[in-house]
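Structural description and commentary
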Amino acid sequence: MPPRMRAEHKKLLMIALVGCFFAQGALVYTDRTPTRPASSNAATGKRVWQANNCQACHQIYGMGGFLGPDLTNAYSRVPRQRIDVMVKFGFGQMPKFQISDEELNSLVEFLAYVDTTGKGQLRPTKKLPWWVYGE
Amino acid sequence: MNKLTTLFSKLAIFALTMTLLNGVFAVGHYIAALSPKLHESVTQFGTSRAMHTMNAAAWIMFSAVAVIYHYLTAVTGSDLFESRRRTVQSIALCVSAGYLIAANSLISGYSTGREYLEFYPLAGLFILLAWLIFGWQFLSAVRPGFWDRPIYVTMWATSVFFFAYTLCEQYAWLLPSVFDDHVVDMRLQWKACGTIVGSLNLLVYGTAYYIGEKLSGNEELAKSKTAYALFAVGLLNSFTNFGHHAYHLPQSELVKWISFVVSMLEAILFVKVMFDIASSVRLNDSAAARLLRASKWWSAFTLLTAVIISIPPINSVIHGTHVVVAHSMSATTGIDSFVMLAALFYLFAGSAQSSKWLNCAIVITNIALGGLVVVLSCHGLEVGLARLNGRVVVDNVFPVSFAVHGAILTLSIGFVTRALWKLVRSSCVQVSGEIRA
């Protein structure tokens with residue numbers, strides 16, 4: 001018969017786990033890694049992003065759907081004109097969105113702001129072994 | 001069978017059916033030729049996806065509540081539907097309001113644009129209220145001699161607090177200081193999303209122990225030190241390993257290291273699960289036992305792959321690819337859904353032997369799920385490696401393969417669900433004879 005856990009030990013275990021939970025939470029809430037808030041136009045762009053449910057297909061920092069690509073650093077990789085065309089006219093499975101020019105500008109400013117916060121995906125900085133390319 | 005278990009089982013089956021239906025619509029959007037037609041005639045991808053995830057969570061929660069009410073009825077010795085009528089009515093009202101507001105907001109095209117909680121925030125309030133009332137009812141009933149009760153009571157009780165806390169945390173974005181700083185928002189969102197999944201997992205693991213105890217007749221496993229050790233490691237993982245989704249996110253290195261180290265502790269769980277698989281062959285051949293055995297294999301597979309994809313160099317390759325979807329599907333379907341289906345089959349059919357058609361459906365479900373996981377993982381790996389090379393993958397095979405495996409999985413789980421529905425509708429407990437699909 002496996003040894004039973006005594007009630008006193010269960011209480012201690014729960015206290016320890018609750019302590020770990022709140023300690024972990026405190027680490028996240030008080031994280032001092034430098035960040036900067038969005039401008040008011042970028043914040044408006046974030047509302048446009050959310051209202052049009054962009055995260056259903058796209059990710060930022062890995063959070064979102066996978067039908068489309070991660071857009072964390074899309075601003076520095078995709079020309080502005082291409083972004084405008086894709087949003088307004090659609091592309092492949094991406095539908096067109098009925099948003100005004102002001103909303104589109106603020107959305108792009110939001111993507112530009114996110115682009116400055118960090119790298120969302122690994123990009124190679126040096127040549128990788130041949131077996132990675134498969135060529 | 002008590003009325004509350006029957007009621008919540010029916011709600012759970014409805015939610016599972018909606019999950020399957022919306023999963024089919026969502027995967028249809030992956031096929032380029034089909035997507036515009038679905039967009040115009042049925043639903044947008046965003047709506048299907050949101051309805052799919054919302055109903056998947058609802059399926060797990062409703063079925064767990066059904067199991068918990070079964071336990072509470074045995075513990076209190078009374079029919080809670082009658083003796084706690086007002087409490088039950090309050091829960092039912094809040095659940096109905098929450099679900100209807102959520103579903104209506106999604107179907108009408110509204111979205112908060114937040115992962116898991118795309119529906120109107122008022123629905124979240126009703127869901128929280130329902131959960132708190134249910135939690136209060138549960139905790140009041142198990143409070144006498146709480147620390148002498150089995151592990152599954154501890155798991156369910158922990159889930160009550162865990163889910164309430166993380167649901168509130170999910171709405172931190174409503175604070176301007178969080179909303180305006182997107183990196184802070186992402187840190188909290190990843191933390192809350194990871195831990196809310198952990199709270200649902202506690203409901204599932206508690207149910208697995210409860211049903212395992214009933215099937216095996218061994219009450220000591222759920223009171224052993226091993227059970228509590230596994231609970232501790234599992235819970236630690238639940239609220240720390242969200243960090244392995246966000247290695248790239250600008251945040252404290254300590255959070256990332258804690259996430260990595262605790263994720264590796266899951267290897268301990270993997271070894272224990274493998275031992276459990278070996279011992280579970282002694283269980284009978286009822287539908288419940290078959291599904292529980294299958295869930296143990298999926299637990300081992302999911303834990304092993306979770307450990308592997310938590311290793312930072314590997315994580316960087318598969319980050320943001322369908323490997324993550326594969327992991328999510330193997331966990332939510334192979335572990336969570338199989339355990340909850342096993343539980344409901346046990347509650348309504350006991351140890352009755354299942355028909356060959358039902359057994360066949362369970363086998364096909366496992367094969368289809370395996371195929372789906374392989375398809376998603378291969379595509380994800382292909383995309384991840386191509387990304388390292390600065391290339392974009394154009395894959396015309398993956399969408400069709402994804403859709404085909406998803407459709408087969410939907411049909412087979414649908415067949416299993418239909419068999420369960422017949423049992424629940426008749427609300428009888430079979431102790432002998434065969435379950436007919």
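Everything here concerns the structure above.
Summary of the structure given here.

Conventions and cut-offs
Residues numbered from 1 in each chain as written. Chains lettered and ligands numbered in written order. Predicted model: local features only at pLDDT ≥ 70, side-chain atom pairs only at ≥ 80, totals over all residues. Heavy atoms only, no water. Phe/Tyr/Trp six-rings, centres within 6.5 Å; stacked < 30°, edge-to-face > 60°. Helix = DSSP H or I, 4+ residues; strand = E, 2+ residues; numbered from the N terminus. Buried < 20%, exposed > 50% of the residue type's maximum accessible area, 1.4 Å probe, protein only. Lys NZ or Arg CZ within 6 Å of the ring centre and 35° of its normal. Contact = heavy atoms within 4.5 Å. Buried area = accessible area lost by both parts, 1.4 Å probe. Salt bridge = Lys/Arg side-chain N within 4 Å of Asp/Glu carboxyl O. Polar contact = N/O pair within 3.5 Å; in protein donor to acceptor, adjacent residues only side chain to side chain. Nonpolar A, V, L, I, M, F, W, Y, C, P; charged D, E, K, R; others polar.

This structure, assessed with the given rule, holds 29 aromatic pairs over all chains. Aromatic pair Phe8(B) and Phe62(B): ring centres 6.1 Å apart, planes at 50°, arrangement tilted. Remark: Phe62(B) occurs in helix α3 (residues 45-76) and Phe8(B) occurs in helix α1 (residues 3-28); sequence separation between them is 54 residues. Here the two residues Phe8(B) and Phe62(B) agree in accessibility, since each one is buried. Ring plane angle 65° and centroid distance 6.0 Å describe the contact between Phe14(B) and Tyr99(B), whose orientation is recorded as edge-to-face. Of the two residues, Phe14(B) is situated in helix α1 and Tyr99(B) in helix α5 (residues 85-107); the sequence distance between them amounts to 85 residues. Its relative accessible area of 43% is what places Phe14(B) among the partly exposed residues. What links up through ring pairs into an aromatic cluster is the set Phe8(B), Phe62(B), Tyr69(B), Trp131(B), Phe134(B) and Phe163(B). The lysine or arginine in question, Lys46(A), covers the ring of Phe179(B), its NZ or CZ lying 4.5 Å from the ring centre. Stacked on the ring of Phe91(A), the Lys or Arg Arg82(A) has its end atom at 5.1 Å from the ring centre.

The extent of an interface is frequently quoted as the accessible surface area lost upon association of the parts. On the side of chain A, 59 residues touch chain B, which itself brings 72 residues to the contact. The junction of chain B with chain A conceals about 6100 Å² of combined surface from both sides, 65% of it contributed by carbon and sulfur atoms. Counting the contacts that link chain B with chain A gives 3 salt bridges. Here Glu220(B) and Arg4(A) are joined by a salt bridge, their closest N and O atoms 2.9 Å apart. Where chain B packs against chain A, one counts 25 residue pairs in polar contact (both at pLDDT 80 or more). Considering every element that reaches the side of chain B that touches chain A, the biggest residue donor is helix α9 (residues 182-216) of chain B, with 11 residues. The residue makeup of the side of chain B that touches chain A, split by class, is 32 nonpolar, 23 polar and 17 charged.

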